[in-house]
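Residue strings, one per chain:
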Amino acid sequence: MFTVLAGGVGAARFLRGLTRAVDPRQVAAIVNVGDDLHRFGLRICPDLDSITYWLGGVVHPEQQWGRADERFTVSEELARFGHDPWFTLGDRDLALHLHRTLRLREGVPLSAVTAEVTRAFGLDLRLLPATDDEVETRILTQDGRDLHFQEYWVRERAAPEVAHVRLAGADTARPAPGVIEAILDADAVILAPSNPVVSIDTILDVPGVREAIAGTPAPVIGVSPIVGGKVVRGMAHRLLPAVGAEVTAAGVAAYYGDLLDGWLIDTQDEDQAPQVERGGVRCRVTDTMMDDPEVATALARTCLDLAEELGR
Ligand code: FO1
């Protein structure tokens, strides 16, 4: 079994490659739920939904979140009543939030609802929320505001300087069913090229997860989300300094520290390979720009080859 710690778009692209490289039924993705928020009483899970839409072949191609062939009739009508559509919800997307919220209200845990949703989109891999409990990534800005991650990212366009990032609710959150087993029983654990601070840390911060990663007999391989000193997508370059990490491929490996056995970096960063290896982490240099599914498949295979090499 191959277990992937996953955030949103970068993880979805990687998982598209991994589920082409191996049988999807051998893949479990442990997905960040710190981005989740409530709007109009509905529970919205952006990272679970981005991966589902991506792998289900229905993601909005330019946005890379939300649905393709989408309409915003409900959102337009809500504006009539004065609701500010700062977090845009399309009509098709709303159907998923209505279903999920209904099932949660019926007492079905998020992990079970997620299994229903992935089945409905014809996906064979397992998507596991990091926790079934409600947690929330909060961004504390240097000018003293305490923002929900989505307020920071979508409404404020990641403009404010960040003082601190925390996962509210982490102290009482429990790993969702299957999460710890997926880590301990894996043949390889992979940290997808997701945002280290608001996608990967927010999975590791669920009590028990970091210990399971540190303790698993499986090799732990990461893929750098930073290429050529820049983020491929999103705002990791704004958050890494707030946690004292360099915005480089080697800097993120150092940030993950002892969790890593192997680290994949892009060919643009091959001069950083010796620095990664000096940190005791086996480094592989390869093409990590996954615009083409073939690249994502080759990248996934390189991860598994390195895991096998380290596992011997
Ligand atoms: N991102 C935006 O930049 N603007 C939006 O209005 C927006 C709405 C939205 C609705 C549902 C959803 O699942 C994701 C949405 N996103 C939006 C993307 C979201 O902020 C990101 O997918 C993650 O939370 C960060 O990776």
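The notes below deal with the structure included here.

Conventions we followed
Residues numbered from 1 in each chain as written. Predicted model: local features only at pLDDT ≥ 70, side-chain atom pairs only at ≥ 80, totals over all residues. Heavy atoms only, no water. Axes fitted to C-alpha atoms, helices over the stretch in contact; angles between N-to-C directions. Helix = DSSP H or I, 4+ residues; strand = E, 2+ residues; numbered from the N terminus. Parallel < 35°, antiparallel > 145°, perpendicular 65-115°, else oblique. Left-handed = near helix turned anticlockwise from the far one by under 90°. Contact = heavy atoms within 4.5 Å. Nonpolar A, V, L, I, M, F, W, Y, C, P; charged D, E, K, R; others polar. Buried < 20%, exposed > 50% of the residue type's maximum accessible area, 1.4 Å probe, protein only. Right-handed = clockwise from strand over helix to strand, strands pointing away. Pairing = 2+ DSSP bridges. Near = heavy atom within 4 Å. Polar contact = N/O pair within 3.5 Å; in protein donor to acceptor, adjacent residues only side chain to side chain. Areas by Shrake-Rupley, 256 points an atom, 1.4 Å probe, with all protein chains shown as cover. Domains from an automatic or database assignment.

1. Things to note about the packing of helix 8 (residues 196-204) against helix 11 (residues 249-256)
Axis separation between helix 8 and helix 11 bottoms out at 13 Å; the angle between their running directions is 25 degrees. In terms of orientation, helix 8 lies roughly parallel with respect to helix 11. Between helix 8 and helix 11 the crossing geometry is right-handed. Contacts from Pro196, Ile200 and Asp201 of helix 8 reach helix 11 at Val252, Tyr255 and Tyr256. For the contact of helix 8 with helix 11, the residue count by class is 5 nonpolar, no polar and 1 charged.

2. Details of the pairing of strand 1 (residues 2-6)
Among the 5 residues of strand 1, 5 are classified as buried, and the element is accordingly described as predominantly covered. Handedness of the β-α-β unit built from strand 1, helix 1 (residues 9-21) and strand 2 (residues 27-31) comes out right-handed. Examined bridge by bridge, strand 1 and strand 9 (residues 188-191) share 4 bridges and lie parallel to one another. Following the sheet pairing, Val4 is matched in strand 9 by Ile190.

3. Some points on the site of the ligand
Around the ligand there are 15 residues in total, and Asp35, Phe87, Thr88, Gln150 and Trp153 lie nearest to it. In the model, an oxygen atom of the ligand is placed 2.9 Å from a nitrogen or oxygen of the Asp35 side chain. Notes on the ligand: free accessible area 530 Å², of which the protein chains cover 89%. Those elements that place two or more of their residues in the shell around the ligand are helix 2 (46-55) and helix 6 (149-155). It is helix 6 that provides the largest number of residues to the shell around the ligand, a total of 4 residues. Split into classes, the residues belonging to the shell around the ligand amount to 8 nonpolar, 3 polar and 4 charged. Inspection of the shell around the ligand shows a minimum of three residues originating in each of domain 1 (2-58 + 108-134 + 174-311) and domain 2 (137-171).

4. Here we look at the sheet that holds strand 1
A sheet is described by the order of its strands in space; here 7 strands give the open sequence 5-2-1-9-10-13-14, paired in parallel fashion. The strands lining the two open edges of the sheet, one partner per strand, are strand 5 (126-129) and strand 14 (282-286). Within this sheet the neighbouring strands show an average axis-to-axis angle of 20 degrees, counted without direction. Of the strand pairs in this sheet, strand 1 and strand 2 are connected by 5 bridges, and their pairing is parallel. The residue of strand 2 that forms the bridge with Leu5 is Ile30. Running at roughly 170 degrees to strand 5, helix 2 makes contact with strand 1, strand 2 and strand 5 of the sheet.

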